[in-house]
Structure formats: C-alpha cells, structure tokens
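# Remarks on the overall topology
Listed below, chain by chain, are the residues.
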Amino acid sequence: MSLDSITETIAHFIGTFQLTMEQAILRQQYEEFTALRRLAEVEGLEDPIRIVVKADLDLKPKDYDPLPYRFPEPPADPQLPLPPAGPMLESSIQIGDPLAPGGFVPQSELPISVGPQFLMLQPQVVSDLIGSAVTYTFQTLVLRDNDTVGAGDFRDAAMLTAQAEAALDVAQSLHAMAVPSLAIPDYMTPEYMDTLVEQITTPMNGSVQGVTVHQFQGEDAEGIIVNGQHVSEAPVWSDLLPAYHQPEEAEENLVSQSYPAEWSQSEGPESHEGHTVVTGGNLAINEVALNVGWVDAPFIAVGGQAISLTMISQVALVSDVDVGNTGSGAGTNVVQSAQIETEANPAPWLAGTSAVAGAAGQPSFLTVDWIHGDLVVANFLKQVINATDIDHIQTEISASSTMYAMGGNQMVNVADIVQLGSYYDLIMIGGDMISVDMLFQTLVLMDDDVVSGGLAGPAGGANENLLMNQASVMTNGLDLQEALEENMAEAMALNEMNMAALEDALLNDPMFAGMEQMRVLKIDGNLLQVNILEQVTMLADQDDIFLSGPHGASTEVVAGSNAMLNAANINKLGVDSVVMAGQGAYSELLLHQASLIDLPENEISPEFANEAIAILMEEAMTAGQAVSGPTAPVLTPEDLDANVGMQSILT
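### Concerning unusual backbone geometry
With phi around 50°, Asn227 is a residue other than glycine that occupies positive phi space. Its location among the elements puts Asn227 in the loop between β6 (223–226) and β7 (229–231). According to the relative accessible area criterion, Asn227 is partly exposed, its value standing at 34%. If you check the backbone angles, Ser561 has positive phi at about 60° while not being a glycine. Within the secondary structure layout, Ser561 lies in the loop between β27 (556–558) and β28 (563–572).

In structure tokens form, the structure reads like this:
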C-alpha cells in the first residue's frame, strides 16, 4: 500500500541516517587499515596481518643427527619357533605378507628376507565359575475381619478362632511326613538322608476313621492325579471358581448380585429394590513358581551315591455344616491335583556329533571349572495365610434396598523364582549327588454358618466354596543309570596338580568321541539340589446371620463363595544324562492326598462321619457356649499326637 507524504518523508530520513552511519564506520576501519599498510612499507615491517613466531636455538653440531638404522640380516638357517605351552589344535607358520597370494610358503622355498611369523593357536574358552545358590522365602498373611452388626446371642469369635487353629493342627498331622529340615548341613549327613528315605517309603497310612487318603509310590505316582484318580487333563482353577469370583462376571456380580440394583447408574435413575448380605466371598491364594536350571550335563560321574527323592503331600480339611437356611452355604468343592512328569530333552549341542551318532574322533581340548567343596542349589519357601472372617449380624430388613458387605476379602502370596546357570559336557562329583523335591500343601476351611431368614445366594453354585491344592514337579531331561567305569573313577581321583593327566584321561576316553571340545565341572564335595515348599491356607468363615423385618425372608445371603488355592509348580530344566554312580543310585516318588471333609450331603452315618470333628464339637458345646436360633456346629482345640495322627481321640 502507498504511504502518505509525511510517513514517506520520515522513512526516507531514517534510511538516509542509517546509510550515513554505516559509511562513517567503514571509512574509519579503512583509514586504520591503510595507515598500517603504509607504515609497514616505510619502516620495512612484516605484514601485520600475518603472525610469525621466531625461536633462536643454538644447537651443537652432530648432537641431534638422525640415528643410524638398518634392517638386520636374516639368519642363514631360519628355525621354527618353540611349540606353545597351552593346548593347540593346529600350528602353522606363515611367512611374508599374510594377505598376499601364496602367503604360506614351504620351508624349502624361504626367501632371503623373512617376514614376521604368525602362530595360530586354538582359542581359549574363559567361563564364569558356577557357584552355590540358596534362597529362603517366607510369606505370611494374617487377617482378622470379624464384623458385628446389631446385638444378639452370637457365638464367641475367639472360641471359633481357636477351633480353626485346632483344625489346622489336625490337618498338618495328616501329612505323609513332617516338613524336612531347613538346615543345609543336615542333607549332607547320611543319617538324615536315611531318615528321609525311611519316611518317604513308609508314610502315614489312611487308617484314621473319617480321613480319606490316597497314596501312590514309584511309577504309580507319575502322571496327573486328581483326588486319587489318574486323569488325562488337570483341572483349571479359573474354570472351577464360583460365579461370585469368575473374572468375566466379576463386575456384573458386584453390581447385580452383591450390591443393590439402584447402585448401577447404567440403567438410568430408576431405582430397583434389592436386599443383599455378604459375609463370605473371600479369596485366598498361595502361589509359587520355581524354575531351576543351575547345572546339568549329558554325562555325570558320581563317586558316591546318586539319590533322588520327590514327594507331594496334600491335605484338605473342611467343615461346612450350616444350620438354618442351609442353602446359603451350598456346599464345598475340594480338588487336589498333582502332576509328576519327566520329559526327554537331548543335549542340543551334541546332536549329530556325539558318540551315539557314530561320529569319530576325540575332543581336541577341554576346560575345567573346579569347585573345592560342595555345590549347593537350594530353595526353601513357606507361604501362610491365616484368616478369620467371622461375621455376626442381627438386623431388621425394612428399607427399600439394603446392602451389607462384611466379607469379600482378597489375600494373595506370590513367589516367582528363576535360577539359571550353565550346561557342561561332563560333571564329576567326588561325593554324593542328592536331589530332594518336597511340596506340602494344607487347606483348612471352617464354614459352619447359622442363618435365620434370608434366601440362598444366586443360582448356579455361586455360594459353593472351592478349595484346591495344585502341585507339579516337571523335570526336563531323563537320567539313565550306568556303572562307573574304572578309567572314569581313576580320572575323578586326580587333583589340580595332575591337570595334564586329567586332560589326557578325558580327551582319550571313548565315551566322549565325536565332541569337538569339552567343558567339565569338577566338584570335590557333594552336589546338593533341594527344593522344600510349604503352603498353608486357613480360613474361618463361621457366620451368625439373623434377619427379620418385612424383607428379611427375601434378602439374598452370600455366606459361602469362598475360594482357596495352594499352587506350587517346580520346573527343573536340564538335559538327558548318563549318570554313573560309584556307590549306586536310588530314587523314590511319593504322592499323598488326604482329606477330612464334613458336609451335610455326605451319606455316612453320624457316628462314623468325621468322628474327630464331632468330638471336638461336643467338647465345645460342653464348655457352655450356646448360640441363638438353631444349634450351631462348633469345634474346640484338642491335643493331638502328630506321630499317630488322630487315633488318640477316636473311640
């Protein structure tokens, strides 16, 4: 756009002023530069633009002349270098430029000038020395959620808690054996190992009245066994959960089942009547996953014994006898699942090159990791959940909608342990090779409710309790037992002072034909691998529920729907091995499943059905403890001899 006359005049003035100032500055710089140039021409000065550094040094003649140098004359008869001291697959002498064609020249054609000599050695394998790995893990959850609403003649919560603790003592006495020691040195003594072998071969029998015991030993214990029956597929925890805990229905249950319908705003502001009392719905989980692959080899030589003991002991004790509105409990589902399996896993690095495949040739060199003492890989873990959710409620249901949420606790112990080490071609053990894997799982549920008024919980087994013991010991790699050859026994007796003899004995052993190289782990002492896992879950959910009022009879009562899980899984990573034990090998498997269940639907005469629980209940009643409404089943502590189980209290 065009400017008006005044604005245009001002713009011209500003431009003229800037040009004038710039001309003055440039003129000043030019005049200074011209003056310096003329001064240099008149006085003979050097160019002021260049900077010259001068240094006048007075050096003495011949003191700093270049040193004389000439190439040495080659010897008339060149000699080969001495052989290397270390292991060598192939040695070659390279003459002249190694990159030039024909770099390797026969000795008879040596030129006058001999270049550098190159000695090609087999590379050395440097490995990290394996060491012991020991973990101790203890996880404990204690919950006391004993709620009281209203006033009534309720059962004493402290007494019910004592009964649950007594029931836990009874359950722990039903295991096949006591939990082994947590002290590692005990497993190094022959006397203690003999005791473990005796206990695993002669476990507690099932002669106790009312206790159902299933025991499997040896090959019979392998496979998948559920509640004493071999099955093709193990049950899945999530598929067995009560509807109250189903993941896909959890949100819907919380809104449409546990809470009044008007709490959900998805249907609009309209209000729908609903009455719910939740005193159960607890979730308790102990879970551990142990993956161990510390050391293994296709060949294992043992100077002493090779002992392997594997045991799973599972116990479940349930008392679920409701009085009054018995539909509020809806029973208990007890599942005890165990799996012991071994799968073949050939060493992949020996495929096509081992002596079994018929390959020829002996290993060229070996490396030895030497352990002066014992190598221990042990994991001791104990998880405990001790919970009481003893709720007492006596109230009148008269409002348009009612919600009492007194249960619904969630308790979880989780442990995930991964131990990964090294594979070798040969493991040499001067002492014994001991492997012990033992799992102990205990479940105790006391859910004897007294309910007056109200309706049973949602249909479809939503109020049914679920107790599940799930354990597995999975081993990757089969062990083939063979006798210890004399040459291997002699090699095992060698020490580090006789390393050359040890290398010679192993590299020339026909057993290792076909290998290109060998990695050896030599243990002067014992190789001890121990995994002891114990899981205990105890829940006392003995509720007293008394509902009255206009809507008392139509109130939905969820007194069950408890879900309890002990899950322990040991995954032993390894390869197929040939085990050569100088003093023989011994292995034993044991699966022990015991249950003591008191349910109203059990068609057993009362005088024989779980007599132990009946006696405890009777003693509790004689102590003067009464309840309002129908007579409630109760338990009381009883001194039991753990050595004989419960026989001391039977008539």
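More follows now that the structure is in view.
### Some points on the packing of aromatic side chains
Throughout the structure, instances matching the rule amount to six aromatic pairs. Consider the rings of Tyr136 and Phe380, whose centres lie 4.9 Å apart with planes at 20°: the pair is stacked. Linking Tyr136 in strand β3 (residues 133–144) with Phe380 in strand β15 (residues 375–388), this pair joins segments that are 244 residues apart in sequence. When the centroid spacing of 6.5 Å and the interplanar angle of 40° are considered together, the rings of Tyr187 and Phe380 count as tilted. With Tyr187 in the loop between α2 (157–172) and α3 (190–201) and Phe380 in strand β15, this pair connects stretches of sequence that are 193 residues apart. Of the two residues examined, Tyr187 and Phe380, each falls in the buried class. Grouped by ring-pair contacts, the aromatic residues Tyr136, Tyr187, Tyr192 and Phe380 constitute a single cluster. A cation over an aromatic ring shows up here: Arg519 above the ring of Tyr424, its NZ or CZ 4.8 Å from the ring centre.

### Describing the side chain of Asp449
By the element assignment, Asp449 lies in the loop between β20 (433–446) and β21 (450–452). Nearest to the buried, unbridged Asp449 among oppositely charged side chains is Arg155, at 5.3 Å. For Asp449, the side chain forms a polar contact with the main-chain nitrogen of Asp543, separated by 2.9 Å. Each residue touching Asp449, except ones within four places of it in the same chain, is listed here: Arg155, Val321, Asp322, Val323, Asp541, Gln542, Asp543 and Ala559.

### Section: α3
Spanning twelve residues, α3 covers 16 Å between terminal C-alpha atoms, matching the ideal 16 Å at 1.5 Å per step. Every buried residue belonging to α3 is among Met193, Leu196, Val197 and Ile200, and all of these are buried. One face of α3 carries all of its buried residues, which in axial projection span an arc of 100°. Structural note: α3 exposes Glu191, Asp194 and Glu198 on the side pointing more than 90 degrees away from its buried face. Buried residues belonging to α3 abut β5 (212–217), β11 (306–319), β20 and β30 (585–598).

### Remarks on the confidence of the model for the protein chain
Confidence in the prediction of the protein chain, expressed as mean pLDDT, is 78, and 71% of residues score 70 or more. Every residue in residues 354–359 scores below 50 in pLDDT, and together they form ten contacts with partners more than four places removed in sequence or on other chains.

### Some remarks on a negative patch on the surface
The grouping of Glu482, Glu485, Glu486 and Glu490 at the surface amounts to a negative patch. Along the chain, Glu486 falls in helix α6 (residues 486–492).

### Remarks on the layout of surface pockets
When its volume is computed, the largest pocket comes out at roughly 960 Å³. Around the largest pocket, the lining is made up of 44 residues, and of these Ser308, Thr475, Gly477, Asp479 and Lys572 lie nearest the centre.

### Focus on α2
Taking 1.5 Å of rise per residue, the 16 residues of α2 would be expected to cover 22 Å, and the 23 Å separating its terminal C-alpha atoms lies within 8% of that figure. For α2, the set of buried residues is Met159, Leu160, Thr161, Gln163, Ala164, Ala166, Ala167, Leu168, Val170 and Ala171. Measuring from the backbone nitrogen of Ala158 back to the side-chain oxygen at the start of α2 gives 3.3 Å, which picks out Asp156 as the cap.

### Overview of the sheet that holds strand β12 (residues 323–324)
Overall, parallel pairing links the five strands, which are arranged β4-β16-β26-β21-β12 in an open sheet. Each end of this open sheet is capped by a strand with a single partner; those strands are β4 (148–149) and β12. As paired strands, β4 and strand β16 (residues 392–396) are joined by two bridges and run parallel to one another. For Val149, the partnering residue across the bridge sits in β16 and is Ile393.

### Details of the nonpolar core
Val295, Leu375, Ile427 and Leu521 are the most contacted members of the largest nonpolar core, which has 40 residues in total. The element best represented in this core is strand β9 (residues 283–296), accounting for five residues. Apart from residues lying up to four places away in sequence, Leu521 is in contact with Ile130, Val295, Asp369, Ile371, Leu375, Tyr424, Leu426, Ile427 and Met428.

### As for the pairing of β15
Of all 14 residues that make up β15, 13 are buried, and the element is covered over most of its length. Bridge count between β3 and β15: twelve bridges; the pairing is parallel. Each residue of the ladder has a partner; that of Leu141, found in β15, is Ile385. Strand direction decides the pairing type here: β15 and strand β25 (residues 527–540), joined by 14 bridges, are parallel. Its bridge partner lying in β25, Asn386 is registered against Met538.

Reading the values: the criteria
Residues numbered from 1 in each chain as written. Predicted model: local features only at pLDDT ≥ 70, side-chain atom pairs only at ≥ 80, totals over all residues. Heavy atoms only, no water. Helix = DSSP H or I, 4+ residues; strand = E, 2+ residues; numbered from the N terminus. Buried < 20%, exposed > 50% of the residue type's maximum accessible area, 1.4 Å probe, protein only. Phe/Tyr/Trp six-rings, centres within 6.5 Å; stacked < 30°, edge-to-face > 60°. Lys NZ or Arg CZ within 6 Å of the ring centre and 35° of its normal. Lys, Arg positive; Asp, Glu negative; His and termini not counted. Salt bridge = Lys/Arg side-chain N within 4 Å of Asp/Glu carboxyl O. Polar contact = N/O pair within 3.5 Å; in protein donor to acceptor, adjacent residues only side chain to side chain. Contact = heavy atoms within 4.5 Å. Expected span 1.5 Å × (residues − 1). Arc of directions from axis to C-beta. pLDDT = per-residue confidence, 0-100. Patch = residues over 30% accessible without salt bridge, like charges linked within 9 Å, V, L, I, M, F, W, Y side chains within 5 Å. Areas by Shrake-Rupley, 256 points an atom, 1.4 Å probe, with all protein chains shown as cover. Charge placed at Lys NZ, Arg CZ, Asp CG, Glu CD. 1 Å grid on protein atoms, 1.4 Å probe; cavity = no way out; pocket = protein on both sides within 12 Å on 5 of 7 lines; lining within 4 Å. Points joined across faces, edges and corners; volume = space filled by probe spheres on them. Pairing = 2+ DSSP bridges. Core = buried A, V, L, I, M, F, W, Y, C linked by side-chain atoms within 4.5 Å.

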